[in-house]
Amino acid sequence: MARPKIALIGGGQIGGVLAQLCALRELGDVVLFDIVEGMPQGKTLDIAEAAPVDGFDVSVTGTNDYKDIAGANVVIVTAGLPRKPGMSRDDLIGVNSKIMTSVAEGIRDNAPDAFVIIISNPLDAMVTLCQKVTGFPSERVMGQAGVLDSARFQAFIAWELGVSVKDVNAMTLGGHGDTMVPLVRYASVNGIPVLELLEQKYGSAEKASEVMTAMVERTKAAGGEVVKLLGNGSAFYSPASSAVAMAESILRDQKRVLPTCALLNGEFGIDGFYVGVPCVLGSAGIEKIIEFKLDATEQALMDNSVAAVKELVGSMNL
Ligand code: TXD
């Protein structure tokens, strides 16, 4: 049986880490595409020459020609500019929507059966644009943001409580912007509410809520925190890991429940817009959008986040 094929569009910071992670996990043969000549070929040659050391058998190649992505089962897109310090993700819309249009045409014309995972920012708008241009069914076009935003929230909780990250469950919903919605009520350590554990630690519900609010705010600003420290470019290890988890769930039909930027059709009261919600990812792509009850505060935060996404998507005049 032929190995699965993964095409990575954009061979920059995230694209390079994606290629290495896909190879290390032997998810499939990897093709890295970029418009810069030589760079994707050089990066993939470097990764492929580590194969004897790391012991992976998949091939890893670079290209400047869309024809080489033919037959890809999964395409992950990172093409586009990252933020500079002080910029919001939304500031990237002008330049990145032009890039995304050409990328989506390349995917549509060369890998028409692929599942597409978008990483480029502003995320919710770029996924919307990609789905419009490719015309692919919405269960095959999705965005990665929630896995990373949730991972950041989980990491902060684990560090605060001194427990393994493996035992922390927490999720963010909504758009991948300053209005994202980390869900406090559902954050738990193996089912035990984080707020209860914080209250035990600090001896008061008030202090527990204060510490939780600080973690929520840090989660919302976490991308910017990394941008500021790096001084040049944005996070790239964690976004790559997050997209690989989504690709793996699809390629290996794991049916993981991952917060995914998906096209909603009335779920959570949202119709016709891409935003982050929990989805079952399997061999059919987005196999199910999991809807659950939000309380009034959560719904208000979600509505606020969706309003921001709507405004941004509206500015593209699709
Ligand atoms: O969680 C998330 N969704 C994100 C998203 C987390 C962090 C960063 N996120 C966004 O991913 C970021 O704001 C950017 O929009 C993308 C890619 O970030 P990366 O750090 O990898 O940017 P680079 O290193 O600048 O790489 C972008 C590459 C670069 O090699 C360009 O030559 C290439 O994109 N590029 C193109 N490739 C193909 N086709 C076209 N037209 C093109 N234009 C530029």
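Each value, and the rule that gives it
- Residues numbered from 1 in each chain as written.
- Predicted model: local features only at pLDDT ≥ 70, side-chain atom pairs only at ≥ 80, totals over all residues.
- Heavy atoms only, no water.
- Domains from an automatic or database assignment.
- Contact = heavy atoms within 4.5 Å.
- Buried area = accessible area lost by both parts, 1.4 Å probe.
- Salt bridge = Lys/Arg side-chain N within 4 Å of Asp/Glu carboxyl O.
- Polar contact = N/O pair within 3.5 Å; in protein donor to acceptor, adjacent residues only side chain to side chain.
- Helix = DSSP H or I, 4+ residues; strand = E, 2+ residues; numbered from the N terminus.
- Phe/Tyr/Trp six-rings, centres within 6.5 Å; stacked < 30°, edge-to-face > 60°.
- Buried < 20%, exposed > 50% of the residue type's maximum accessible area, 1.4 Å probe, protein only.
- 1 Å grid on protein atoms, 1.4 Å probe; cavity = no way out; pocket = protein on both sides within 12 Å on 5 of 7 lines; lining within 4 Å.
- Points joined across faces, edges and corners; volume = space filled by probe spheres on them.
- Nonpolar A, V, L, I, M, F, W, Y, C, P; charged D, E, K, R; others polar.
- Near = heavy atom within 4 Å.
- Areas by Shrake-Rupley, 256 points an atom, 1.4 Å probe, with all protein chains shown as cover.
- Sits in = over half its atoms within 2 Å of the grid points.
- Axes fitted to C-alpha atoms, helices over the stretch in contact; angles between N-to-C directions.
- Parallel < 35°, antiparallel > 145°, perpendicular 65-115°, else oblique.
- Left-handed = near helix turned anticlockwise from the far one by under 90°.

Quick word on the domain arrangement of the protein
Interfaces are frequently sized by the accessible area removed from exposure as the parts join. Split into domains, the protein comes out as domain 1 (5-144) and domain 2 (145-318). On a C-alpha basis, the centres of domain 1 and domain 2 stand 23 Å from each other. Taken residue by residue, the interface counts 41 residues in domain 1 and 48 residues in domain 2. Interface area for domain 1 against domain 2, summed over the two sides, is near 3600 Å², with a carbon-plus-sulfur share of 70%. In terms of surface lost to domain 2, no three residues of domain 1 exceed Arg89, Asp124 and Gln144, which account for 19% of the buried area on that side. Applying the counting criterion to the domain 1 and domain 2 interface returns 1 salt bridge. One salt bridge in this structure joins Glu248 and Arg25, with 3.0 Å as the shortest N-O distance. Taken together, the links from domain 1 to domain 2 amount to 10 residue pairs in polar contact (both at pLDDT 80 or more).

A few points about the environment of Ser102
Among the structural elements, Ser102 can be located in helix α4 (residues 93-110). From its side chain, Ser102 meets the backbone oxygen of Ile99 in a polar contact 2.9 Å long.

Describing the packing of aromatic side chains
Scanning the entire structure with this criterion turns up 5 aromatic pairs. On the basis of an interplanar angle of 85 degrees and a centroid distance of 5.5 Å, the ring pair of Phe268 and Phe292 is categorised as edge-to-face. Taken as a pair, Phe268 in the loop between β12 (256-265) and β13 (271-282) and Phe292 in the loop between β14 (285-289) and α11 (296-314) lie far apart in primary sequence, 24 residues in all. The buried category is assigned to Phe268, whose relative accessible area is 4%. In this structure Phe292 comes out as partly exposed when scored by relative accessible area, which is 23%. Here the aromatic residues Tyr186, Phe268 and Phe292 are joined through ring pairs into a cluster of three or more.

A closer look at empty space enclosed by the protein
A full pass over the atoms with the stated rule returns 1 cavity of 30 Å³ or more. Taken as a whole, the largest cavity spans an internal volume of roughly 70 Å³. Taken together, 13 residues line the largest cavity, and the ones lying closest to its centre are Ala145, Gly146, Asp149, Gly174 and Gly276. Looking at the lining of the largest cavity, the elements with two or more residues in it are α6 (146-161), β8 (172-173) and β12. The leading source of residues in the lining of the largest cavity is β12, at 3 residues. Looking at the lining of the largest cavity residue by residue, the class counts come to 4 nonpolar, 7 polar and 2 charged.

Quick look at the site of the ligand
Taken together, 28 residues surround the ligand, and among them Gln13, Ile14, Asp34, Leu81 and Gln144 come closest. Gly12 is positioned with one of its backbone polar atoms (N or O) 3.3 Å from an oxygen atom of the ligand. One nitrogen or oxygen atom from the main chain of Gly80 is found 3.4 Å from an oxygen atom belonging to the ligand. For the ligand, whose accessible area on its own is 870 Å², the fraction buried by protein is 89%. Comparing atom positions with the cavity grids shows the ligand to sit within the largest pocket. Broken down by secondary-structure element, the contributors of at least two residues to the shell around the ligand are α1 (13-24) and α4.

Concerning the packing of helix α7 (residues 194-202) against helix α8 (residues 205-220)
A pair of packed helices can be characterised by two numbers: the angle between their axes and the separation between those axes. Look at α7 against α8: their axes get within 8 Å of each other, and the N-to-C directions meet at 120 degrees. By the angle between their axes, α7 is oblique relative to α8. As for the relative orientation of α7 and α8, their crossing is right-handed in sense. Within the contact between the two elements, α7 uses Val194, Leu195, Leu198, Glu199 and Tyr202 and α8 uses Ala205, Lys207, Ala208, Ser209, Val211, Met212 and Met215. Its residues placed into classes, the contact of α7 with α8 shows 9 nonpolar, 1 polar and 2 charged.

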